[in-house]
Amino acid sequence: METILKNRCDAVELFLRTIRPLKPFYSKHHAFLHVGNTGVHYGEKSARMEGFARIMWGLGPLWSADNTGLPVELQKEIEEWLDLYKDGLVHGTMPDDEEYWADIFDCDQKMVEVAAIVFSIAINQKALWEDFSDTERGNLYRWLNQINEYDMPKNNWRYFRVLTNMTFRLLGLAWNEERMEEDFGLIESFYIGDGWYFDGQPAQIDYYVAFAIHYYGLLYAKLMEGTDSEKSRVLKERSTLFFPDFVYWFANNGEEIPFGRSLTYRYAHSSVFAAMAYAELDVDYGVLKNLVLRNLESWMKRPIFDNTGILTIGYGYPNIFMSENYNGCGSPYWCNKVFLILGLNENHPFWTAQEKEYPYEKRKLLKHARMLITHDENHHVLAYVTGQHCAGELGQDLPKYEKFVYSNQFGISVPRGTTLQQGAFDDVLAFSREGENRYCMRNGFTAYDIDEKCLSVSYSPMNGVNVKSRIVPCMNWHVRIHQIETEEAIEIADGGFALPQERCYQLTPGRATGGCTSEGTYAEC
């Protein structure tokens, strides 16, 4: 269905349309949402609690704004969702209830989902706090406060505890200042300058910098600017610096490059632009509005929902091979973070601004992201990447970080096997010992270099093979130069972009016997 978004009412209707099919899949007292049966490493109960919580990223902002200008039927539906979620919060945090979410423990997935709950409470204090009984508030506080008692990973998760203690502070409840300082201290250690962070791993710069670290920081900055003014100022300043670099990951038609883990969150990728408007940064609202609305429209053109209207695991279409080990059936609804725009009233400058395209340079070096990005007049974005590596073993890490180039118009491929045909080696150099047909791509690097004209990476894809690849971008095409040193005969295949055609292609590898350069070819069959 073609979607055209012009105003807040359009965005509200779209959001409700995407969550409406979920209603039959809530538990009796609405504390769990069960929309499928794929497994996750953190168990089914937490997965269903995750599904419940992630819808709140859109509902919380929606409840907090002035909805009186919306059609009456939409206002009624919004109130129905509020009743449903109040019921779920009460039963999910009631220790003796059959729908109790269970206690929190070290590095528990439920810590992730706490963020949506506490933020929704912070901006809807009457409905989601004051309207509850003393017993219900006590249960809710006790359950949420467990996040202060257990260990968390040293990454963006620390913001979940920051937001929890922020909310306690806003409600006048006991909050953990020591934890707040600890968590902000860790996040500060990730900062690498010019608005850029890494997320726990220095060689991994991906969408989490935007839709996690900056996004949560801007929520804090907005809600705490009168209480913690200096921290709020710094967070806003860094996000303002981040914008003119990160905007290059998108085209003016809203389509973004597919890069890094968690691609199944889809339109969460543009949520940092929503957060920039929410926190009222000194960034052109017309540009922010165009980026967010066009990105949403671009996703609505793709078959990302199943025939019942449930959002699927995948990227441009349902595809379990694209998933991480933490992607459950409810996980994709993290995309609702972009609906932070629903927390802006219809007279907010974001909604009243005239949509405006960003004046992209044709070529842009993003030194902190280790990318050389090109934009052309057809909204084609190419991100040439070097020096990136994800050591988390989360699922298809190598193709998501270590291809030579990523395009917002050509599809991204991940392997389903190790043969040349099943490896789907688009935009990578793949290697196999001669005659084995067991291919691999690079996994990490020994050195890299990047400047405004080209980029290079040195690596060892297998024992006895050392490679240096140099990529020279030429706008919407590029040159690859490979220097290969090998101790034994190998076969190599240099893949181009994946083509969206029904015809099949026979892949023919090149051959290297020592210190030579070769390039794979494609032959139509």
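Quick notes on the rules
Residues numbered from 1 in each chain as written. Predicted model: local features only at pLDDT ≥ 70, side-chain atom pairs only at ≥ 80, totals over all residues. Heavy atoms only, no water. Pairing = 2+ DSSP bridges. Helix = DSSP H or I, 4+ residues; strand = E, 2+ residues; numbered from the N terminus. Axes fitted to C-alpha atoms, helices over the stretch in contact; angles between N-to-C directions. Expected span 1.5 Å × (residues − 1). Buried < 20%, exposed > 50% of the residue type's maximum accessible area, 1.4 Å probe, protein only. Contact = heavy atoms within 4.5 Å. Polar contact = N/O pair within 3.5 Å; in protein donor to acceptor, adjacent residues only side chain to side chain. 1 Å grid on protein atoms, 1.4 Å probe; cavity = no way out; pocket = protein on both sides within 12 Å on 5 of 7 lines; lining within 4 Å. Points joined across faces, edges and corners; volume = space filled by probe spheres on them. Nonpolar A, V, L, I, M, F, W, Y, C, P; charged D, E, K, R; others polar. Parallel < 35°, antiparallel > 145°, perpendicular 65-115°, else oblique. Left-handed = near helix turned anticlockwise from the far one by under 90°. Salt bridge = Lys/Arg side-chain N within 4 Å of Asp/Glu carboxyl O. Phe/Tyr/Trp six-rings, centres within 6.5 Å; stacked < 30°, edge-to-face > 60°. Lys NZ or Arg CZ within 6 Å of the ring centre and 35° of its normal.

**A word on the sheet that holds strand S3 (residues 363–366)**
(1) Moving on: Strand order in the open sheet made by the four strands is S3-S4-S5-S6, with antiparallel pairing throughout. Strands at the two margins of the open sheet, each flanked by one partner only, are S3 and strand S6 (405–407). Across this sheet, the average inter-strand angle for adjacent strands is 20 degrees, counted without regard to direction.
(2) Moving on: Across four bridges, S3 lies against strand S4 (residues 371–375) in antiparallel orientation. Across the sheet, Leu366 pairs through a bridge with Met371, a residue of S4.

**Looking at the environment of Leu218**
(1) Moving on: Mapped onto the elements of the fold, Leu218 is located in helix H10 (residues 208–224).
(2) Moving on: As for Leu218 and Val272, which are separated by 54 residues in sequence, their C-alpha atoms are 8.6 Å apart.

**What about helix H1 (residues 8–19)?**
(1) Moving on: Look at H1: 17 Å from first C-alpha to last across 12 residues, which is about the 16 Å you get at 1.5 Å a residue.
(2) Moving on: Within the sequence span of H1, burial applies to Arg8, Ala11, Val12, Leu14, Phe15, Leu16, Thr18 and Ile19.
(3) Moving on: Looking at the packing, one finds that the buried side of H1 touches helix H3 (56–64), helix H4 (72–92), helix H13 (285–300) and helix H14 (349–352).
(4) Moving on: The opening residue of H1, the one whose side-chain oxygen lies 3.2 Å from the backbone nitrogen of Cys9, is Asn7.

**With respect to the layout of surface pockets**
Which parts of space are left empty comes out when a probe the size of a water molecule is rolled across the atoms.
(1) Moving on: By volume, the second largest pocket is sized at about 480 Å³.
(2) Moving on: Lining the second largest pocket are 25 residues, with Asn155, Trp157, Arg261, Tyr326 and Leu394 positioned closest to its centre.
(3) Moving on: Its residues placed into classes, the lining of the second largest pocket shows 11 nonpolar, nine polar and five charged.

**Considerations on helix H11 (residues 229–246)**
Since one α-helical turn is 3.6 residues long, residues separated by three or four positions face the same way.
(1) Moving on: End to end, H11 covers 25 Å across 18 residues, agreeing with the expected 26 Å (1.5 Å per residue, within 8%).
(2) Moving on: Listed as buried for H11 are Ser232, Val234, Leu235, Lys236, Arg238, Ser239, Phe242, Phe243, Asp245 and Phe246.

**Details of the packing of H1 against H4**
(1) Moving on: The interhelical angle for the contact between H1 and H4, taken along N-to-C directions, is 50 degrees, at an axis separation of 12 Å. With respect to each other, H1 and H4 are oriented oblique. The crossing of H1 and H4 is left-handed. Of H4, the residues touching H1 (which contributes Cys9, Val12, Glu13, Leu16 and Ile19) are Leu74, Glu77, Ile78 and Trp81.
(2) Moving on: When grouped by side-chain class, the residues that make up the contact of H1 with H4 number seven nonpolar, no polar and two charged.

**Some thoughts on the pattern of salt bridges**
(1) Moving on: Evaluated as defined, the whole model comprises 34 salt bridges.
(2) Moving on: Across the pair Lys23 and Glu80 runs a salt bridge, and its minimum N-O distance is 3.6 Å. Here the residue Lys23 occupies a position in the loop between H1 and helix H2 (44–54), and Glu80 occupies one in helix H4, the gap between them amounting to 57 residues.
(3) Moving on: The class of Lys23 is partly exposed, set by a relative accessible area of 30%.
(4) Moving on: Of the charged contacts, one joins Arg433 and Glu488 as a salt bridge, the two residues approaching to 3.1 Å between their closest N and O atoms. You can see Arg433 sitting in strand S7 (residues 429–433) and its partner Glu488 sitting in the loop between strand S11 (477–486) and strand S12 (490–494), a full 55 residues away along the chain.
(5) Moving on: Connected through shared salt-bridge partners, Arg158, Arg161, Arg179, Glu182 and Asp183 make up one network.

**A short note on the packing of aromatic side chains**
(1) Moving on: Counted by the stated rule, this structure contains 51 aromatic pairs.
(2) Moving on: Taking 4.3 Å as the distance between ring centres and 25 degrees as the angle between the ring planes, the aromatic pair formed by Phe52 and Tyr85 counts as stacked. Here Phe52 is found in helix H2, whereas its partner Tyr85 is found in helix H4, with 33 residues between them in sequence.
(3) Moving on: Taking relative accessible area as the criterion, Phe52 reaches 0% and is therefore assigned buried.
(4) Moving on: By relative accessible area, which is 0% here, Tyr85 ends up buried.
(5) Moving on: Between Trp57 and Tyr216 the ring centres are 6.1 Å apart and the planes differ by 35 degrees, which places this aromatic pair in the tilted class. Note that Trp57 is positioned in helix H3 and Tyr216 in helix H10, a separation of 159 residues in sequence. The residues Trp57 and Tyr216 share a single accessibility class, namely buried.
(6) Moving on: Note that Lys337 overlies the ring of Trp57, its terminal NZ or CZ placed 5.5 Å from the centroid.
(7) Moving on: One cation-aromatic arrangement involves Arg442 over Tyr459; the distance from NZ or CZ to the ring centre is 5.6 Å.

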